[in-house]
Amino acid sequence: MFQSCSVPPPFRNGRGQSKQERETCSCVCERVVRVSSYRKTKMSTTAEYDCIVIGAGVQGSFTAYQLAQHNQRTLLLEQFVLPHTRGSSHGQTRIIRKAYDQDFYTHMMEECYELWAQLEREAGVKLYRQTGLLVMGPENSVSYQQYKSTLQKNKVPMVTLTPDNFSQHIPQIHLNEGDGAVVDVTAGVLFADRALKTVQGQFQKLGGIIRDKEKVTDIEPGPIVTVSTTAGVYRAKSVVITAGPWANRLLAHTGLQLPLEVVKINVCYWKEKVPGSHGVEQRFPCFLVTECEEARAHIYGLPSNEYPGLLKICYHIGGRTDPDQTNKQRDRSDIDILQRYIARCLPGLDPEPAVVESCMYTMTPDSDFVLDCHPTYSNIVIGAGFSGHGFKFGPIIGKLLCELSMGKEMGLSADMSSETKK
Ligand SMILES: Cc1cc2nc3c(=O)[nH]c(=O)nc-3n(C[C@H](O)[C@H](O)[C@H](O)COP(=O)(O)OP(=O)(O)OC[C@H]3O[C@@H](n4cnc5c(N)ncnc54)[C@H](O)[C@@H]3O)c2cc1C
Ligand SMILES: O=C(O)[C@@H]1CCCCN1
């Protein structure tokens, strides 16, 4: 079906197409070709930058870093003073895993782990701690089986726990009757704040420029794109928009709106009754519950780390919010769900959250990412809709957006391109 196309389905999203339309169209590739031929003929010399990246969250920061590695004169613009806690990339931890319910994410993570390790080596900083990820869900459910079979098919190191040996390995969690449990051994915790600081620092070391506290107020498309901010006007041959929950506000300047929904997630921390009992040292893993009697979406957790004695456990659904007025969104139904789940399945925790912070997801209708050139202006590239699971992919998203903005076809492994030909 995708004979001439090396872009897999998750990147062909966001323009209101049905899945079937997306799977049969080759517009992304055509646009990529158009950008590159356009550049050869019409490149102007008046641009101050090769590329301006708007938004210094995880995706914009990795994109800027990749561009600088490709010797592109790059400006990274951020509306708030860095570091900040107003978008989606703040906080000290994120889960990294190969366990997914669709193969292409697992394939992307194969390369992405390598890129995270490269950054660690290059900067001399530790960004990842392996803990494993325990996936639990009704043994006979579609969702749980998809996770399990993706791990098996892709030969990801894994351990299957049985109801009999589960409590020997993970005594802190009560496994529901009828639930299966598998551990993705490769998974763990990314030190998120540290990762962001590191990649921004490496970008600057390569000569990249970051201007924070500069909100982009206008984008004027053209062969050279003009970007106005609260402090100045800049020109570049291409622009990458990685504005997280604000993506549609920026895209409005270009006449485009994507089907994105911004939701507020209550980031809840739960106190251990016995300090230290759910730490990495006790081999307590990250975990993900695909479904359970309390919840129709995932519940997920990480071992105590950033706040001693407190575990981060969240629900994967939140209430719709305005990114500039998150305080107006006070829905706590997710916290009720978590309280009931914790009281039943994690008896070693106080079922009352000790700390509640907030963070935003930018959801697409199918939770897949939008990585594409603008349909009208091919030198404007969009990375949006990371749907609450994009942090771990930061290095590979940066690589793909960099390639798109340089007019290259997305560099996917042979494995992933063959998947698109099914
Ligand atoms: C509670 C929670 C838990 C999560 N857990 C995981 C996990 O375990 N694993 C995982 O892989 N992912 C996880 N994620 C998802 C991941 O964190 C996000 O997908 C990712 O951070 C999105 O990054 P981003 O760069 O797209 O957005 P953001 O981080 O929001 O960055 C966008 C940036 O653009 C800036 N900006 C916007 N408008 C303008 C403008 N006009 N001018 C200048 N700058 C502008 C913003 O200020 C912001 O800094 C989680 C997310 C949340 C909220
Ligand atoms: O991306 C992740 O790994 C987590 C777990 C599940 C939902 C939220 N994000």
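Residues numbered from 1 in each chain as written. Chains lettered and ligands numbered in written order. Predicted model: local features only at pLDDT ≥ 70, side-chain atom pairs only at ≥ 80, totals over all residues. Heavy atoms only, no water.

With an unreviewed UniProt entry as reference, the protein chain is termed Peroxisomal sarcosine oxidase, source organism Pleuronectes platessa. Under the UniProt heading Cofactor (unreviewed entry), the entry covering the protein chain gives this text: "FAD". (UniProt positions renumbered as here; feature names shortened; annotations may be inferred.)

Undergrad: For the domain arrangement of the protein chain, give the residues involved together with the corresponding values.
TA: Looking at the protein chain, the domain boundaries give domain 1 (2–88 + 193–258 + 366–420) and domain 2 (133–185 + 261–363). Each partner contributes residues to the interface: domain 1 has 12 residues there, and domain 2 has 10 residues. Of all residues in domain 1, Pro245, Arg249 and Ser387 give up the largest surface area on contact with domain 2, accounting jointly for 40% of the area buried on that side. Between the two partners, domain 1 and domain 2, sit three salt bridges. The interface formed by domain 1 and domain 2 holds seven residue pairs in polar contact (both at pLDDT 80 or more) in total. When grouped by side-chain class, the residues that make up the side of domain 1 that touches domain 2 number three nonpolar, seven polar and two charged. (Domains from an automatic or database assignment. Contact = heavy atoms within 4.5 Å. Buried area = accessible area lost by both parts, 1.4 Å probe. Salt bridge = Lys/Arg side-chain N within 4 Å of Asp/Glu carboxyl O. Polar contact = N/O pair within 3.5 Å; in protein donor to acceptor, adjacent residues only side chain to side chain. Nonpolar A, V, L, I, M, F, W, Y, C, P; charged D, E, K, R; others polar.)

Undergrad: Requested: an account of the site of ligand 2, with residues and values cited.
TA: Around ligand 2, the surrounding shell consists of Ile95, Arg97, Leu288, Tyr300, His316, Tyr361, Gly388, His389 and Lys392. The separation between an oxygen atom of ligand 2 and a polar side-chain atom of Arg97 is 2.6 Å. Between ligand 2 and Gly388, the relevant distance is 2.9 Å, taken from a nitrogen atom to a main-chain nitrogen or oxygen of the residue. For ligand 2, the accessible surface in isolation is 260 Å², of which the surrounding protein chains cover 94%. (Near = heavy atom within 4 Å. Areas by Shrake-Rupley, 256 points an atom, 1.4 Å probe, with all protein chains shown as cover.)

Undergrad: So what about helix H5 (residues 142–153)? Which residues, and what values?
TA: Across its 12 residues, H5 extends 16 Å between first and last C-alpha, which sits within 8% of the 16 Å expected from 1.5 Å per residue. Taken together, the buried positions of H5 are Ser143, Tyr144, Tyr147, Lys148, Thr150 and Leu151. An end-on view of H5 places all buried positions within 160° of arc, on one side of the element. Residues of H5 that are exposed and angled more than 90 degrees away from the buried face: Val142 and Lys153. Just beyond H5, the residue with positive phi is Lys155, at close to 55°. (Helix = DSSP H or I, 4+ residues; strand = E, 2+ residues; numbered from the N terminus. Expected span 1.5 Å × (residues − 1). Buried < 20%, exposed > 50% of the residue type's maximum accessible area, 1.4 Å probe, protein only. Arc of directions from axis to C-beta.)

Undergrad: Hey, could you go over the sheet that holds strand E4 (residues 128–130) for me, with residue numbers and the actual values?
TA: Here we have three strands laid out as an open sheet, ordered E3-E8-E4, and antiparallel in their pairing. Of all strands in the sheet, those with a lone pairing partner are strand E3 (93–96) and E4, marking the two edges. Averaged over all pairs of adjacent strands, the angle between their axes in this sheet comes to 30°, without regard to strand direction. Set on the sheet, helix H4 (residues 103–123) makes contact with E3, E4 and strand E8 (188–191); between it and E3 the angle comes to about 135°. Its contacts with the sheet put helix H7 (residues 192–205) on E3 and E8, and the angle it makes with E8 is roughly 45°. (Pairing = 2+ DSSP bridges. Axes fitted to C-alpha atoms, helices over the stretch in contact; angles between N-to-C directions.)

Undergrad: Explain the pattern of salt bridges to me, using residue names and the numbers behind them.
TA: For the structure shown, the criterion picks out 17 salt bridges. Between Arg73 and Asp50 there is a salt bridge, with the nearest N and O atoms lying 3.2 Å from each other. One end of the pair, Arg73, is in the loop between helix H3 (58–69) and strand E2 (74–77); the other, Asp50, is in strand E1 (residues 49–54), and 23 residues separate them in sequence. On the accessibility criterion, Asp50 (9% relative accessible area) is buried.

Undergrad: Describe the site of ligand 1, with residues and values.
TA: Neighbouring ligand 1 are 37 residues; Glu78, His84, Ser89, Ile95 and Cys359 lie closest to it. His84 has a polar side-chain atom sitting 2.8 Å from an oxygen atom of ligand 1. Protein chains shield 97% of the accessible area of ligand 1, which is 1,000 Å² for the free molecule. Residue assignment for the shell around ligand 1 shows that the elements contributing at least two residues are H3, E3, strand E13 (261–272) and strand E18 (349–363). When residues in the shell around ligand 1 are grouped by element, the largest group, three residues, is from E18. By residue class, the composition of the shell around ligand 1 is 19 nonpolar, 13 polar and five charged. Taken domain by domain, the shell around ligand 1 gets at least three of its residues from each of domain 1 (2–88 + 193–258 + 366–420) and domain 2 (133–185 + 261–363).

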